[in-house]
Structure formats: C-alpha cells, structure tokens
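Structure at a glance
Chain by chain, the residues run as shown.
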Amino acid sequence: MTRTVGGAESSAARLRTMIADGEFAPGAQLSEERLSDQLGVSRNTLREAFRLLARDRLVEHVFNRGVFVRRLSTADVVDLYAARRVLEQAAVHACDPSAPALADAAAAVAEARAAAATGDWRAVGTADIRFHAALVRAVPSERLWGLMDGLLAEMRLAFLTTDDPASFHAGFVERNEAIVDALRAGDRPGASALLEDYLDDAERALRSATGAG
C-alpha cells in the first residue's frame, strides 16, 4: 500500500511538471494506457495519481469520457486572484528586509530577467511562479505555503491559455523587481500598492485570455 501511494505521488509530480511545461494543453485528454507505459506504473497507480491531480484542480474526470487537463474558466481566474490577494498581501505585511523569503524572491526575479533576455518565456513564467511562492514564505505558516503552491499550480493552466506569453510576462518582471525593492527599503505600504496593481492587471489579462475581459 505504501509503495502504491508513493508511486502515485511520484507519478502525480511528474504529470504536474508535464502539464506545467505545456506537454498537455488545457482540455487535452490524458490517455491512461499511454501514460501507464510512459511512466512505468500500473493503471491503479496512475488512477490514484489522477485523483491527486484532481484534488489540486489540475485535471477533471468526465463521466464515460476519461480524464482531461482542466481548462480554467473566467470564474476560476477571478477566484484564484481573490485568494492570491489575501495570501500575498499578508506576505507583504509580514516581510522584513532581512527575511530569507525576500532573498529567494529576489533570486527568482534575477532568474526571470535572465530567461527574458534569451526569449525563454516559459522559464520566465516558471520564475514568476517561484517569485510569488517565495514571497508567501514570509508568512510563518506551512499550511498557507501549501495553499499558495496549489493556487500557483492552477496558475500554470492559466498561463497556458495566453496566446502571446512574451507580452504577458515581460511587463511583470520589472514589477516583481519593484516589489522586492520596496520591501528591501522597508516600504510595506508601497510594496502592497505595487502588488495590488500587479494582481489587478494580471487578472485582467488572464480573464481576457479565458474568454472575458
């Protein structure tokens, strides 16, 4: 039983990475037979992995059809950003200039800049996810970290709906850096205002990508 659970968690992690890397687009069906062979696991283990991904809202089971990568609706995007505002604003108000979380967030910004310079916009998106995950680590609660990680996993699906990832991600690299600079200066109100504007604009862009402005 332990081996099955461990195998399911490992398989879910691999599938999560494959989805994040765009190997399966939102709405794509996940073939049980093909993935069982590709991952080298039994179908029972794979089904448990699907259950874990469904819990994380990354896939959905459609009766009599199979398992599909979720396609986020406009309502999903609105809900995600409502939750992100609560968590990330709490992080800004908990963050001080010497916080390890802030150093990690700054490192993620540097990663994003390097990736943008080479036109690797998927890597820019990955660095952006890392930035926001790191920021929330300023709040001393592992439960909230886990919640944020789940939200950001769903954000990957939203990123995959953008037709022009370069234009979507490019402007946010400097805005992340501005948030870091404000927090390093001890300006929490300024960082909070920058973050609020950032989240408003990102939500607006992704709402448009999912079908509503």
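Remember, predicted model here, so these are calculated numbers, not experimental data. (Residues numbered from 1 in each chain as written. Predicted model: local features only at pLDDT ≥ 70, side-chain atom pairs only at ≥ 80, totals over all residues. Heavy atoms only, no water.)

**What to know about the nonpolar core**
In plain terms, the rule: In this text, buried Ala, Val, Leu, Ile, Met, Phe, Trp, Tyr and Cys residues form a nonpolar core when linked through side-chain atoms within 4.5 Å. Throughout, exposure labels follow a simple rule: accessible area from a 1.4 Å probe, protein chains only, divided by the maximum for the residue type, with under 20% read as buried, over 50% as exposed, and the rest as partly exposed. Put simply, DSSP H or I for four residues or longer makes a helix, DSSP E for two residues or longer makes a strand, and each gets a number counted from the N terminus.
Counting 62 residues, the largest nonpolar core has L15 and M155 as its most contacted members. With 8 residues, helix α7 (residues 142-159) is the largest single contributor of residues to this core. A112, A115, V124 and V173 belong to the second-largest nonpolar core, a separate cluster that totals 5 residues.

**Observations regarding the side chain of R156**
Heads up, the rule is: The contact criterion used throughout is that any non-hydrogen atoms of two residues lie within 4.5 Å.
Inspection of the secondary structure puts R156 in helix α7. Ignoring sequence-local partners within four residues, the contact set of R156 consists of A20, G125, T126 and I129.

**Here we look at the pairing of strand β3 (residues 66-69)**
Where we set the bar: Two strands qualify as a pair provided DSSP detects at least 2 bridges between them.
As defined by bridge partners, strand β1 (residues 29-30) adjoins β3 across 2 bridges and the pair is classed as antiparallel. The residue of β3 that forms the bridge with L30 is V67. Alignment of strand β2 (residues 59-62) against β3, held across 4 bridges, turns out to be antiparallel. Bridge assignment links E60 to a residue of β3, and that residue is F68. Connecting β2 to the next strand, β3, in antiparallel fashion are 3 residues, including N64 with a positive phi near 65 degrees.

**Comments concerning helix α6 (residues 121-136)**
How we decide: Given the number of residues in a helix, its expected span is that number minus one, multiplied by 1.5 Å.
Between its terminal C-alpha atoms α6 stretches 23 Å, which fits the 22 Å expected from 16 residues at 1.5 Å a residue. All of the buried residues in α6 are V124, G125, A127, D128, I129, F131, H132, A133, A134, L135 and V136.

**Comments concerning the sheet that holds β3**
Taken in spatial order, the 3 strands of this open sheet run β1-β3-β2, and their pairing is antiparallel. The sheet terminates laterally at β1 and β2, the two strands that pair on one side only.

**A few points about the confidence of the model for the protein chain**
We apply this condition: A residue's pLDDT is the predictor's confidence in that residue, given on a scale from 0 to 100.
Per-residue pLDDT for the protein chain averages 91, and the proportion of residues at 70 or more is 96%. Within the protein chain, the element-level pLDDT minimum falls on helix α1 (residues 2-20), averaging 79, and the maximum on helix α5 (residues 100-117), averaging 97.

**Considering the packing of aromatic side chains**
Applied cut-off: When two rings of Phe, Tyr or Trp (its six-membered ring) have centres within 6.5 Å they constitute a pair, described as stacked for plane angles under 30 degrees, edge-to-face for angles over 60, and tilted for the intermediate range.
Inspection of every chain in the model, using the stated rule, returns 3 aromatic pairs. Their ring planes at 55 degrees and their centres at 4.6 Å tell us that F172 and Y198 sit as a pair that is tilted. With a gap of 26 residues between them, F172 in helix α8 (residues 165-184) and Y198 in helix α9 (residues 188-209) connect regions that are remote in the sequence. Assessed through its relative accessible area of 9%, F172 is described here as buried. A relative accessible area of 2% means that Y198 is categorised as buried. The rings of F159, F168, F172 and Y198 are connected pair by pair, giving a single aromatic cluster.

**Observations regarding the packing of α5 against α6**
Put simply, the rule is: Fitted lines through C-alpha atoms serve as axes, helices being fitted only where they are in contact, and the angles separating the N-to-C directions of these axes extend from 0 to 180 degrees. Should an angle fall under 35 degrees it is called roughly parallel, over 145 degrees roughly antiparallel, and 65 to 115 degrees roughly perpendicular, with every other angle called oblique.
Running from N to C, α5 and α6 cross one another at 170 degrees; their axes reach a closest spacing of 8 Å. Regarding the angle of α5 to α6, the classification is roughly antiparallel. On the side of α5, the interface is formed by A101, D104, A105, A108, V109, E111, A112, A115 and A116, while α6 contributes W121, A123, V124, A127, R130, F131, A134 and L135.

**Examining the pattern of salt bridges**
Keep this limit in mind: For this analysis, a salt bridge means a side-chain nitrogen from Lys or Arg found within 4 Å of a carboxyl oxygen belonging to Asp or Glu.
Taken as a whole, this structure holds 18 salt bridges when the rule is applied. Across the salt bridge formed by R43 and E32, the nearest N and O atoms sit 3.8 Å from each other. Of this pair, R43 sits in helix α3 (residues 43-55) while E32 is found in helix α2 (residues 32-39), placing the two residues 11 residues apart along the sequence. Take R43: its relative accessible area is 39%, and that puts it in the partly exposed class. Note that R137 and D149 form a salt bridge whose closest N and O atoms lie 2.9 Å from each other. On the criterion of sequence distance, the pair formed by R137 in the loop between α6 and α7 and D149 in helix α7 is long-range, its members being 12 residues apart. Beyond isolated ion pairs, a larger network of salt bridges with shared partners links R57, R70, D76 and E154.

**Digging into unusual backbone geometry**
Phi is positive for R57, close to 65 degrees, though the residue is something other than glycine. With respect to the helices and strands, R57 occurs in the loop between α3 and β2. The phi angle at N64 is positive, at roughly 65 degrees, despite the residue not being glycine. Mapped onto the secondary structure, N64 falls in the loop between β2 and β3.

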